[in-house]
Amino acid sequence: MKIGIPKEIKNNENRVGMTPSGVAELIKHNHEVYVQHSAGENSGFKDEDYVSIGAKILPTIEETYSIADMIIKVKEPIKPEYNLIKKGQLLFTYFHFASDEELTQAMIQNESVCLAYETVQLEDKSLPLLVPMSEVAGRMATINGAYFLQKTKGGKGKLFPGVPGVRPAKVLVLGGGIVGQASARIAAGMGANVIIADISLPRLRELSISMPQNVDTIYSSSQNIIRELHDVDIVIGSVLVPGDKAPHLITRDMLKLMEPGTVLVDVAIDQGGCFETSHPTTHSEPTYFVDGILHYAVANIPGAVPNTSTIALTNATLKYALALADKGWEKACKDDMALYKGLNIAHGKVTFKAIADLYNLKYEPLEV
């Protein structure tokens, strides 16, 4: 199979679809890999690193899309890429269709095959291709929240861990999944007082046992959340409904309950955001204010640490990329239910129910 790895063109997206070591494995399986010139440069991988293991370098994104049977990338295609995608071409990447109807319609119309990292799901309901970036995003959410809590950045002017005689910051984490757990653990390690809210009692029990002593758990109800907002310093939104829109747990009215300079970090923004007042931001313009509350809603948080992120992502995706390349997408999906669940759109048909329901489209699953 001919596999293309284009350079990411989303704002400040510095990751690349695969490391040279991952590409080497694809080449060992007798596949041809074409990497766009300088695609890996911002992640610390030179063109020479890819050439040395047998990949071919192409000068433009147009040539990379044109030659490939399968495209492996990091973020969803954006408008300049829509017309580069060929009918029947397999795209293996993060799509987050639930937050972008225009993208959904574009992929239906070009009749490509869209296999989304974020909905590949194992029998235990875990999301193996979302986990590594969730771990990065969760850690970064706390680090960035602490940074923007500085007065010079628009926050309250609080030192995250406090000092002797002065209380540390209070952090509320909404959602106890991979992102929430990572956020809470880093926040606790930095000395904050942390509260995790979730609707799963078994998950809350696990977190209560495994987390440091400065982490408390609460059941995620509107009233419980409201009670914590009057003195909270940072709220990290990490709620996920696989493949569907995130629920709004913080409404605009709730902003009035918070002190000016409170920081909201919406890690769920890829899926529409879990704060009503959230809209996607970029690494170049990461924040904005609504009613005196600072919002950070960068849609590609791990892109700020591309070397770590690209290596972690390749570690997770390589196994599935090899299956898709070796077998073709149809047989690979029929052989592996996890990959089957990753299939969102194929040849103009919506194959993922949550997306069909969200946009009132016909649901046409692949027969297995």
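Before reading further, recall that the structure is shown in the block above.
Residues numbered from 1 in each chain as written. Predicted model: local features only at pLDDT ≥ 70, side-chain atom pairs only at ≥ 80, totals over all residues. Heavy atoms only, no water.

### Observations concerning the layout of surface pockets
- Of the pockets and cavities examined, the largest pocket occupies roughly 1000 Å³.
- Looking at the largest pocket, it is lined by 42 residues, and the ones nearest its centre are G177, I178, S238, V239 and L240.
- Put simply, the parts of the chain that give the lining of the largest pocket at least two residues each are helix 6 (131–148), helix 7 (178–189) and strand 8 (193–198).
- For the lining of the largest pocket, the element with the most residues is helix 6, which contributes 4 residues.
- Class assignment of the residues belonging to the lining of the largest pocket gives a composition of 24 nonpolar, 12 polar and 6 charged.
- Of the volumes computed, that of the second largest pocket is approximately 420 Å³.
- Together, 23 residues line the second largest pocket, and K10, E76, S99, D100 and P280 are the ones closest to its centre.
- Counted by class, the lining of the second largest pocket contains 7 nonpolar, 9 polar and 7 charged residues. (1 Å grid on protein atoms, 1.4 Å probe; cavity = no way out; pocket = protein on both sides within 12 Å on 5 of 7 lines; lining within 4 Å. Points joined across faces, edges and corners; volume = space filled by probe spheres on them. Helix = DSSP H or I, 4+ residues; strand = E, 2+ residues; numbered from the N terminus. Nonpolar A, V, L, I, M, F, W, Y, C, P; charged D, E, K, R; others polar.)

### Observations regarding the sheet that holds strand 9 (residues 215–219)
- Taken together, the 7 strands give an open sheet; going across it, the order is 9-8-7-10-11-13-12, and neighbouring strands pair in mixed fashion. The sheet is open, and its two borders are formed by strand 9 and strand 12 (287–290), each paired with just one other strand. Direction aside, neighbouring strands of the sheet carry axes that sit 20° apart on average.
- Taken together, the 4 bridges between strand 7 (residues 170–174) and strand 10 (residues 234–237) define a ladder with parallel strand orientation. Looking at strand 10, one finds that V173 is bridged to I236.
- Contacting strand 8 and strand 9, helix 8 (residues 201–210) crosses the sheet at an angle of about 170° to strand 9.
- Along the sheet face, helix 9 (residues 222–229) touches strand 7, strand 8, strand 9 and strand 10 and points at about 160° away from the line of strand 7. (Pairing = 2+ DSSP bridges. Axes fitted to C-alpha atoms, helices over the stretch in contact; angles between N-to-C directions. Contact = heavy atoms within 4.5 Å.)

### Concerning the environment of K334
- If you trace the backbone, K334 turns up in helix 12 (residues 329–335).
- For K334 and L366, which are 32 residues apart along the polypeptide, the C-alpha to C-alpha distance reads 8.7 Å.

Nothing here speaks to function; it is all geometry.
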